[in-house]
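These are the residues of each chain, in order.
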Amino acid sequence: LTLIGAGLAQFGMTEQGLQFFDRAIKIAQTHPDVNTPLMTYTQKTKALVTAKRSAEAKALLELALAHARKQGSLGYQAELLPQLGLLEETAGRRE
């Protein structure tokens, strides 16, 4: 579902792509054996930025980062932190 959402978003069908990301997240949340879908979060964030929904993108990145920290996933943290920084810089925040 994540890859379909990313493909749709890449080809300009952002809203349809967001629906697939939401479905992937919902499925992951209903199965306790499935880890947090961090790849889905990062792809959904990109789609939200494209849709000019930066506040939602920031909230989702912060949620994904919290999950990555909880899981001890340094790779995802290393991927998420620069994305959060770029989003903040785009919004004019350079603190």
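The structure presented is a predicted model; accordingly, all values stated were derived computationally and were not measured.

**Brief notes about helix 5 (residues 74-90)**
Now for step 1: Over its 17 residues, helix 5 runs 25 Å from end to end, which matches the ideal 24 Å to within 8%, given 1.5 Å per residue.
Now for step 2: Turning to helix 5, its buried residues are Q77, L80, Q83, L84, L87 and E88. All buried residues of helix 5 project into a common sector of 140 degrees when viewed along the axis, lining one side. Seen from the open side of helix 5, the exposed residues pointing more than 90 degrees away from its buried face are L74, G75, A78, L86 and T90.
Now for step 3: The inward-facing, buried residues of helix 5 abut helix 3 (38-50) and helix 4 (54-71).
Now for step 4: A positive backbone phi angle near 90 degrees is found at G92, which sits one or two residues after helix 5.

**Some details on the nonpolar core**
Now for step 1: Ranked by internal contacts, the top residues of the largest apolar core, which has 18 residues, are Y41 and L80.
Now for step 2: Among the secondary structure elements, those contributing two or more residues to this core are helix 1 (2-10), helix 2 (14-30), helix 3, helix 4 and helix 5.
Now for step 3: Here this core takes six residues from helix 4, the largest share from any one element.
Now for step 4: Once you skip the residues sitting within four places of it in the chain, L80 turns out to touch T42, L61, A64, L65 and A68.

**Description of the packing of helix 3 against helix 5**
Now for step 1: Closest axis-to-axis distance for the helix 3/helix 5 pair is 11 Å, and the angle between their directions is 15 degrees. In terms of axis orientation, helix 3 runs roughly parallel to helix 5. Crossing handedness for the pair helix 3 and helix 5: left-handed. In this structure, helix 3 contributes L38, M39, T42, K46 and V49 to the contact, and helix 5 contributes Y76, E79, L80, Q83 and L87.
Now for step 2: Looking at the contact of helix 3 with helix 5 residue by residue, the class counts come to six nonpolar, two polar and two charged.

**Let's talk about a nonpolar patch on the surface**
Now for step 1: Taken together, the side chains of L1, I4 and I27 present a nonpolar region at the surface, about 250 Å² in accessible area.
Now for step 2: Positionally, L1 belongs in the segment before helix 1.

**Thoughts on the confidence of the model for the protein**
Now for step 1: The share of residues in the protein with pLDDT of 70 or more is 97%, and the mean pLDDT across the chain is 90.
Now for step 2: Taking the mean pLDDT of every element in the protein, the minimum, 89, falls on helix 5 and the maximum, 95, on helix 1.

Rules used throughout
- Residues numbered from 1 in each chain as written.
- Predicted model: local features only at pLDDT ≥ 70, side-chain atom pairs only at ≥ 80, totals over all residues.
- Heavy atoms only, no water.
- Helix = DSSP H or I, 4+ residues; strand = E, 2+ residues; numbered from the N terminus.
- Expected span 1.5 Å × (residues − 1).
- Buried < 20%, exposed > 50% of the residue type's maximum accessible area, 1.4 Å probe, protein only.
- Arc of directions from axis to C-beta.
- Contact = heavy atoms within 4.5 Å.
- Core = buried A, V, L, I, M, F, W, Y, C linked by side-chain atoms within 4.5 Å.
- Axes fitted to C-alpha atoms, helices over the stretch in contact; angles between N-to-C directions.
- Parallel < 35°, antiparallel > 145°, perpendicular 65-115°, else oblique.
- Left-handed = near helix turned anticlockwise from the far one by under 90°.
- Nonpolar A, V, L, I, M, F, W, Y, C, P; charged D, E, K, R; others polar.
- Patch = residues over 30% accessible without salt bridge, like charges linked within 9 Å, V, L, I, M, F, W, Y side chains within 5 Å.
- Areas by Shrake-Rupley, 256 points an atom, 1.4 Å probe, with all protein chains shown as cover.
- Salt bridge = Lys/Arg side-chain N within 4 Å of Asp/Glu carboxyl O.
- pLDDT = per-residue confidence, 0-100.

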